Amino acid sequence: MTAIKHALQRDIFTPNDERLLSIVNVCKAGKKKKNCFLCATVTTERPVQVKVVKVKKSDKGDFYKRQVAWELRDLAEVDAKDASKENPEFDLHFEKVYRWVASSTTEKNSFISCIWKLNQRYLRKKVEFVNVSSQLLEESVPSGESQSVAGGDEDALDDYQELNAREEQDIEGMMEVCEYAISNAEAFAEKLSRELQVLDGANIQSIMASEKQVNILMQLLDEALSEVDTIEGKLSSYEEMLQSVKEQMDQISQSNRLIQISNTNNGKLLDEIQFLVNYMDLSKGHIRALQDGDLATPKGIEACINASEALLQCMNVALRPGHDKLMAVKQQQHLFTELRDNFARRLTNHLNNVFVHQGHDQSSTLSQHTAELTLPKHSPLHRDLLRYAKLMEWLKNTQREKYEGLSRTYVDYMTRLYEREIKDFFEVAKIKMTGTSKEAKGKFATLPRKESALKHETESLHGSSGKLTGSTSSLNKLAVQGSNSRRSQSSSLLDMGNMSASDLDVADRTKFDKIFEQVLSELEPLCLAEQDFISKFFKLQQHPTPPLAQGELEEQDGGVSSKVPPHGEHRHSLQSSEKDMVRLMMNKIFLSIETELNSLIALGDKIDSFHSLYMLVKMSHHVWTAENVDPASYLSTTLGNVLVTVKRNFDKCILGQIRQMDEVKISKKSKVGILLFVTGFEEFAELAETIFRNAERRGDLDKAYVKLIRSVFTNVEKVANESQKTPRDVVMMENFHHIFSTLSRLKISCLETERREAKHKYTDHLQSYVINSLGQPLEKLNHFFEGVEARVAQGVREDEVSYQLAFNKQELRKVIKEYPGKEVKKGLDNLYKKVDKHLCEEESLLQVVWHSMQDEFIRQYKHFEGLIGRCYPGSGITMEFSIQDMLEYFSSIAQSH
């Protein structure tokens, strides 16, 4: 085993800088026995690495090869199987369990003992040993080869050093001098022993010869020790003197430290005194201004503003800890509190007097505005009060209750003032409105208005309304044309009532439009100026948010309302509360505006139904203007609410119009012609399209168009079905032709589908009327050829039809002779009179219908000729009249009438 160990060390481990400490010959348990060696090794370089290496002898030679190596730190457990009995089996637990059988129990024990020592030394008892006797772990392995391998080599590991190059050269030189050093190792060793003994003797003799020098050295050492004692004595005396100096320096240092602390405290005390003097001292001039300053003059107001700001700075100074316990500070704070309360009381009383005085002055000048449609200007009052804006801000920050009391007082006085002014203003507006139209207040005519007057009226509206935005307006009440020479008084289909246009002339409507515009134009700057003054005077800063941040606009009952997303941040909530306060004050001051506007709108709608369209256009424009200035302003909100009312009234009007169309009744004795609500829709559409020519939003108008046109379609069909005097096809044809012409002329994009539908209905009913009215002018001939077509359908060839008894050539000639040209012309003349009696003159469709009948007659004529040519070839049979004759008949009949 020793030879194998040396061979493994030389061939496998030395090249890898490793030392072999223990070896055991093993084979795997339970398998065919293939012997191998487990080796415990350590590296010669630090840090030391401990490994368990599996070495196997090559099958093709006597050399060994390294197969597997495990780090000892990866070894979890060593299982010796039996601690009391000799058993060569043992297990090593690495990443998996390896089961081995040693060649002898002694080798197994020696190997496990070596592993245990390596674990103790390098792994700090990390590996667990199971079924291993404590005697094996505590005692050394018995003497012998295994002991030297497991114990001696491992103990000498740290002392081992490899030969350096010089030592190797010396050994090689010695072996070259002694030729038998390799062949006879014992003789070589004996020679080396003899030389070593000779060197030892020489060394001893050299030591004995140097005894004299040793004695001299000892004497010198004794002298050196005596000198050391002398120096130690001097050092002790020096140390005593330095100790005294150290004590004196400590006393001086302590005194300096106390002086420094005193200076620091004096400096801090001076800083505190300077702080209190600088920040809590109010000048006598400021105190005098707060106590007796003149609040009526600009100079006095400026002095009071400066004094109040200085007082606020003194009261808001951040005192340092302990300042509030100083008597001087308490006295100063008490003085500041008294000055603040007295000045706040004095300022409140003065501003109350200013509000009352200015309110009376404004009331005295109100009478001069009653005759004119203008509102008094409050800019002088605002200009005078804005001088106190900074004092109001000071009052807001110091005396919140007095500040709120002043705001309530201002609102109360201004509410009464504005209520009188606005009431008188709207009374003037109502008088002017009713004065222009008092003769026609409840009177509505049924005569059509001229198109030129309508165009002039709507263009005047455009000239004053500007660009429209917001929801589109609703429809006006439908106008009705009066009866003409072809329509008797009893033929009226519907008593239109509110649907009829008033008989007001264009000038009156234009004047009403200007009055309503004047009302809105007067209210708008008044509200904006008052809101701007409130925000500046009461320091309620408003920061208008862009429209997208205000939330999406929603339509409610035809109106526009805004919803604002909630803000969680404190600054946003503060701004929101200030905006709410401005809005609340404006609502109280102008409480009567919305009521008066609604009353004025109701009056205008009562005077003339078309006024609702004018008011809607104006109101939409002013709402858009107000929202562009500030979407959250009082003016924007109020006008938006009034706009909702206008749109609701209009929606009700549209529904009423539709309901009246649904309830239409017709006369049984007179012909229908163009229905009243059809011409009324035409008139309304012309007016609406002129007004909304430049409008950006047509949503509501388009919806109203669709509702009304569907109702018109439905009721035209209903009237056509109920008509007894006029054929259904004529009612449908004439009215849908009129609708199609109207929509084609106006080019309303949202009604393009209805335009095509109207054209389709008109064409279908025209064709139906032509066929039904024309009937079968050659009745017997038509029956004859129907029989011919029946025979052909049954399978008879066309050229064999003439051989049928009932359809031979004689029978055909007999039928043709019954329809000479004279009889045909007479029948067509009667037909023309009948058609002329059915149709109305307004739509001028007589020639269109007559031309369609001509085409249909020619189509039947060509059909008969075709059947004669196919079924009676070569017979020479022809009609008694030609196509040219027919064209002359139709032309002469049309010209004669």
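Rules of the game
- Residues numbered from 1 in each chain as written.
- Predicted model: local features only at pLDDT ≥ 70, side-chain atom pairs only at ≥ 80, totals over all residues.
- Heavy atoms only, no water.
- Helix = DSSP H or I, 4+ residues; strand = E, 2+ residues; numbered from the N terminus.
- Buried < 20%, exposed > 50% of the residue type's maximum accessible area, 1.4 Å probe, protein only.
- Contact = heavy atoms within 4.5 Å.
- Areas by Shrake-Rupley, 256 points an atom, 1.4 Å probe, with all protein chains shown as cover.
- Patch = residues over 30% accessible without salt bridge, like charges linked within 9 Å, V, L, I, M, F, W, Y side chains within 5 Å.
- Salt bridge = Lys/Arg side-chain N within 4 Å of Asp/Glu carboxyl O.
- Axes fitted to C-alpha atoms, helices over the stretch in contact; angles between N-to-C directions.
- Left-handed = near helix turned anticlockwise from the far one by under 90°.
- Nonpolar A, V, L, I, M, F, W, Y, C, P; charged D, E, K, R; others polar.
- Lys, Arg positive; Asp, Glu negative; His and termini not counted.
- Charge placed at Lys NZ, Arg CZ, Asp CG, Glu CD.
- pLDDT = per-residue confidence, 0-100.
- Phe/Tyr/Trp six-rings, centres within 6.5 Å; stacked < 30°, edge-to-face > 60°.
- Lys NZ or Arg CZ within 6 Å of the ring centre and 35° of its normal.
- Pairing = 2+ DSSP bridges.
- Core = buried A, V, L, I, M, F, W, Y, C linked by side-chain atoms within 4.5 Å.
- Expected span 1.5 Å × (residues − 1).
- Parallel < 35°, antiparallel > 145°, perpendicular 65-115°, else oblique.

Chemist: Tell me about the overall build of the protein chain, and please be specific about residues and values.
Modeler: The helix and strand inventory of the protein chain stands at 28 helices and 10 strands. For the protein chain, the residues scored as buried account for 43% of the 897 residues in total. A separation threshold of at least 6 residues defines the contact pool for the protein chain, and within that pool the share at least 24 residues apart is 73%. On the protein chain, roughly 49800 Å² of surface is accessible, and the fraction owed to carbon and sulfur atoms is 51%.

Chemist: Outline a nonpolar patch on the surface, supporting the account with residue identities and numerical values.
Modeler: Taken together, the side chains of Val214, Leu217, Met218 and Leu221 present a nonpolar region at the surface, about 360 Å² in accessible area. Here Met218 is to be found in helix H7 (residues 211-279). Under the relative-accessibility criterion, Met218 is labelled partly exposed at 45%.

Chemist: Describe the packing of helix H26 (residues 821-838) against helix H27 (residues 846-871), with residues and values.
Modeler: Between H26 and H27, whose axes approach to 11 Å, the crossing angle comes to 145°. Seen along the crossing, H26 lies across H27 with a hand that is right-handed. For the pair H26 and H27, the contacting residues are Val824, Leu828, Leu831, Tyr832, Val835 and Asp836 in the first and Leu846, Gln847, Val849, Trp850, Met853 and Phe857 in the second. Tallied by class, residues from the contact of H26 with H27 come to 10 nonpolar, one polar and one charged.

Chemist: Please set out a negative patch on the surface residue by residue, giving values where relevant.
Modeler: A cluster of acidic residues, Glu167, Glu168, Asp170, Glu172 and Glu176, forms a negative patch on the protein surface. Tracing the sequence through the fold places Asp170 in helix H5 (residues 165-177).

Chemist: Tell me about the confidence of the model for the protein chain, residues and numbers included.
Modeler: Parts of the prediction with low pLDDT should not have their coordinates interpreted in detail. Taken residue by residue, the protein chain gives an average pLDDT of 78. The fraction at 70 or more is 82%. Confidence scores differ between elements of the protein chain, with strand E9 (residues 553-556) showing the lowest mean pLDDT of 37 and strand E2 (residues 36-43) the highest of 92. Note that pLDDT drops below 50 for residues 140-160; the model gives that stretch 31 contacts with residues more than four away or on any other chain. Here residues 437-505 is modelled with pLDDT under 50, and outside its nearest four sequence neighbours on either side it reaches 188 contacts, counting other chains as well.

Chemist: With reference to specific residues and values, describe the packing of aromatic side chains.
Modeler: The full count for this structure, using the stated rule, is 26 aromatic pairs. For the ring pair Phe355 and Phe537, a centre distance of 6.3 Å and an interplane angle of 70° mean the geometry is edge-to-face. Placement of Phe355 in helix H10 (residues 327-364) and of Phe537 in helix H15 (residues 506-537) is noted, with a sequence separation of 182 residues between them. By the burial criterion, Phe355 is buried, and Phe537 matches it. Taking NZ or CZ as reference, Arg320 lies 4.3 Å from the ring centre of Phe275, over its face.

Chemist: So what about the pairing of strand E6 (residues 89-93)? Which residues, and what values?
Modeler: Along a regular strand, successive side chains alternate from one face of the sheet to the other. For E6, the tally of buried residues reaches four of five residues, placing the bulk of the element in the interior. Strand direction decides the pairing type here: strand E5 (residues 77-79) and E6, joined by three bridges, are antiparallel. Across the sheet, Val78 pairs through a bridge with Leu92, a residue of E6. Direction of pairing for E6 relative to strand E7 (residues 97-102): antiparallel, over a ladder of five bridges. Note on E7: the bridge partner recorded for His93 is Val97. Two successive antiparallel strands, E6 and E7, enclose a turn made up of three residues.

Chemist: Break down the environment of Leu766 for me, with residues and values.
Modeler: Examined against the element boundaries, Leu766 turns out to sit in helix H23 (residues 752-774). For Leu766, a relative accessible area of 10% puts it in the buried group. Distance in space between the C-alpha atoms of Leu766 and Ser852 is 8.3 Å, their sequence separation being 86 residues.

Chemist: Explain the nonpolar core residue by residue, including any values.
Modeler: Nonpolar side chains tend toward joint burial in soluble globular proteins. Judged by nonpolar contacts, the single largest core of 88 residues is most densely connected at Leu781 and Val849. Ranked by residue count, the leading element in this core is H27, at 11 residues. Leave out the neighbours within four places in its chain, and Leu781 touches Leu812, Val815, Ile816, Tyr819, Phe864 and Met879. Phe275, Trp394, Val411 and Phe516 belong to the second-largest nonpolar core, a separate cluster that totals 84 residues.

Chemist: For helix H9 (residues 298-315), give the residues involved together with the corresponding values.
Modeler: Helix length check: H9, at 18 residues, gives a terminal C-alpha distance of 26 Å against a target of 26 Å (1.5 Å per residue), a fit within 8%. Residues Gly300, Ile301, Cys304, Ile305, Ala307, Ser308, Ala310, Leu311, Leu312 and Cys314 constitute the buried set of H9.

Chemist: Kindly report on the environment of Thr415, identifying the contributing residues and their values.
Modeler: Relative to the helices and strands, Thr415 resides in helix H13 (residues 400-437). The buried category is assigned to Thr415, whose relative accessible area is 17%. When near neighbours in sequence (up to four residues on either side) are disregarded, Thr415 contacts Lys588 and Ile589.

Chemist: Quick one: what's the story with the sheet that holds E6, residue by residue and with numbers?
Modeler: Reading across the sheet, the eight strands line up as E4-E3-E2-E1-E7-E6-E5-E8 and stay open at both edges, with mixed pairing between neighbours. The open sheet is flanked by strand E4 (64-71) and strand E8 (128-130), the only strands paired with a single partner. Strand-to-strand twist of the sheet, defined as the mean angle between neighbouring strand axes without regard to direction, takes the value 30°. The strands touched by helix H1 (residues 2-13) are strand E1 (18-28), E2, strand E3 (50-57) and E4; relative to E1, the strand with the most contacts, the crossing angle is about 115°. Helix-sheet contacts for helix H2 (residues 105-122) involve E1, E2, E3, E5, E6, E7 and E8, and the interaxial angle to E1 is about 135°.

Chemist: Give me the pattern of salt bridges: which residues, what numbers.
Modeler: Per the stated rule, a full pass over the model turns up 29 salt bridges. For Asp11, the salt bridge identified is with Arg10, shortest N-O distance 3.2 Å. Using a relative accessible area of 44% as the deciding quantity, one classes Asp11 as partly exposed. Here Arg797 makes a salt bridge to Asp799, at a shortest N to O gap of 3.0 Å. For Asp799, a relative accessible area of 34% translates into the label partly exposed. One connected set of salt bridges, linked through shared partners, spans Glu18, Lys51 and Arg66.

Chemist: So what's going on with the packing of helix H21 (residues 699-722) against H23? Which residues, and what values?
Modeler: Two elements in contact, H21 and H23, have axes whose closest approach is 12 Å; the angle formed by their N-to-C orientations is 15°. Compared by their axis directions, H21 and H23 come out roughly parallel. For H21 against H23, the interelement crossing comes out left-handed. Across from Val706, Ile709, Arg710, Phe713 and Glu717 in H21, the residues of H23 making contact are Glu754, Glu757, Ala758 and Lys761. When grouped by side-chain class, the residues that make up the contact of H21 with H23 number four nonpolar, no polar and five charged.

Chemist: Tell me about the pairing of E3, residues and numbers included.
Modeler: Across the eight residues of E3, six count as buried, placing the element largely inside the fold. The sheet contact formed by E2 and E3 spans six bridges and is antiparallel. Along E3, the bridge assignment pairs Leu38 with Lys54. Hairpin connection, E2 to E3: the antiparallel pair is bridged by six residues. Where E3 and E4 come together, seven bridges link them in antiparallel fashion. Directly across from Lys57, in E4, lies its bridge partner Tyr64.

Chemist: Residues and numbers for unusual backbone geometry, please.
Modeler: The amide bond that connects Arg46 to the next residue, Pro47, takes the cis arrangement and shows omega of 0°. Here Pro47 lies in the loop between E2 and E3. Of note, the phi angle at Lys81 is positive, near 75°, even though the residue is not glycine. With respect to the element layout, Lys81 can be found in the loop between E5 and E6. Its identity as a non-glycine residue notwithstanding, Lys747 has a phi of 55°, on the positive side. As for its placement among the helices and strands, Lys747 is situated in the loop between helix H22 (728-746) and H23.

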